[in-house]
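# Analysis of the macromolecular model
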Amino acid sequence: MFANLKIGNKTALDAAPNFARFARFYTLLKQEIEHPILVLRNQLYNGGLRVAVAIEKGYDSVDAIISEDRKLLSRLQKIQQQDAKNFFPKDQLEPLEQQTQITEELKG
């Protein structure tokens, strides 16, 4: 899968090893990868950190949701952001991940 997955104009195998490695990378490296990556056609939509960690662990692929529906992937991305607090310490959360309430948009 990673050989065919695109991140920009490169494959995941070429792009992900060059990603910056912050504390979140090392935290996730110690865990199992829980959420699937989100893929729009053959282009990574969300999950670059998970791809980089998986490649570092020697995985050839991870679970993925592949869709052509950008609205669906956007909704799934928001759900994943809401769940980040279950995987990362508070000081490693991004601003959108720190929100604890699910928005009306996600309920709809």
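Residues numbered from 1 in each chain as written. Predicted model: local features only at pLDDT ≥ 70, side-chain atom pairs only at ≥ 80, totals over all residues. Heavy atoms only, no water.

### Describing the overall build of the protein chain
Selection rule: Think of it this way: any DSSP run of H or I at least four residues long counts as a helix, any run of E at least two long counts as a strand, and we number them from the N terminus. Both definitions apply: the radius of gyration is a C-alpha atom measure, and the globule rule equals 2.2 Å times residues to the power 0.38. Residues count as neighbours in contact if any of their non-hydrogen atoms are within 4.5 Å of one another. For the area figures, the Shrake-Rupley method with a 1.4 Å probe applies, and any residue is considered shielded solely by the protein chains shown. Residues scored as positive are Lys and Arg, those scored as negative are Asp and Glu, and His as well as the terminal groups of each chain are ignored. Note that the charge is assigned to NZ on lysines, CZ on arginines, CG on aspartates and CD on glutamates.
Regarding its fold elements, the protein chain presents 5 helices and 5 strands. Its C-alpha atoms give the protein chain a radius of gyration of 14 Å, within 12% of the compact-globule value 13 Å for 108 residues. Taken along its principal axes, the extent of the C-alpha atoms in the protein chain is 40 × 30 × 20 Å. A fraction of 73% describes how many contacts in the protein chain between residues 6 or more apart in sequence connect residues 24 or more apart. Summed over its atoms, the accessible surface of the protein chain is roughly 6,800 Å², and 50% of this surface lies on carbon and sulfur atoms. Here the protein chain contributes 15 positively and 14 negatively charged side chains, and the mean placements of these two sets differ by 4 Å.

### Focus on the pattern of salt bridges
The criterion, for reference: The salt bridge criterion pairs a side-chain nitrogen of Lys or Arg with a carboxyl oxygen of Asp or Glu, the two atoms within 4 Å. Exposure classes here rest on a 1.4 Å probe applied to the protein chains alone. A residue is buried below 20% of its type maximum, exposed above 50%, and partly exposed in between.
Applying the stated criterion across every chain yields a total of 2 salt bridges. Here Glu56 and Arg21 are joined by a salt bridge, their closest N and O atoms 3.0 Å apart. One end of the pair, Glu56, is in helix α3 (residues 48-56); the other, Arg21, is in the loop between α1 (12-15) and α2 (23-29), with 35 residues separating them in the sequence. Taking relative accessible area as the criterion, Arg21 reaches 32% and is therefore assigned partly exposed. Here Arg24 ties to Glu97 by a salt bridge, and the two come within 2.7 Å at their closest N and O atoms. Taken together, the residues span a long stretch of sequence, with Arg24 in helix α2 and Glu97 in the loop between α4 (70-83) and α5 (104-107) at a distance of 73 residues.

### So, the pairing of strand β4 (residues 43-46)
Under the convention used in this document: When DSSP locates at least two bridges between a pair of strands, those strands are taken to pair.
Summarising the sheet, strand β3 (residues 37-40) and β4 pair through 3 bridges and their orientation is antiparallel. Bridging across to β4, Val39 finds its partner in Leu44. A loop of 2 residues connects β3 with β4, the two strands running antiparallel in sequence, and Arg41 in this loop sits at a positive phi of about 60°.

### Things to note about the environment of Asp83
To be explicit about the condition: Definition of a polar contact: a pair of N or O atoms within 3.5 Å, with one able to donate and the other able to accept a hydrogen when the atoms are protein atoms, and with sequence-neighbouring residues admitted only if both atoms are side-chain atoms.
Among the structural elements, Asp83 can be located in helix α4. The partly exposed category is assigned to Asp83, whose relative accessible area is 22%. There is a polar contact of 2.4 Å between the side chain of Asp83 and the side chain of Asn86.

### Some remarks on unusual backbone geometry
Its identity as a non-glycine residue notwithstanding, Arg41 has a phi of 60°, on the positive side. Checked against the element boundaries, Arg41 lands in the loop between β3 and β4.

That is the geometry; function is a separate question.
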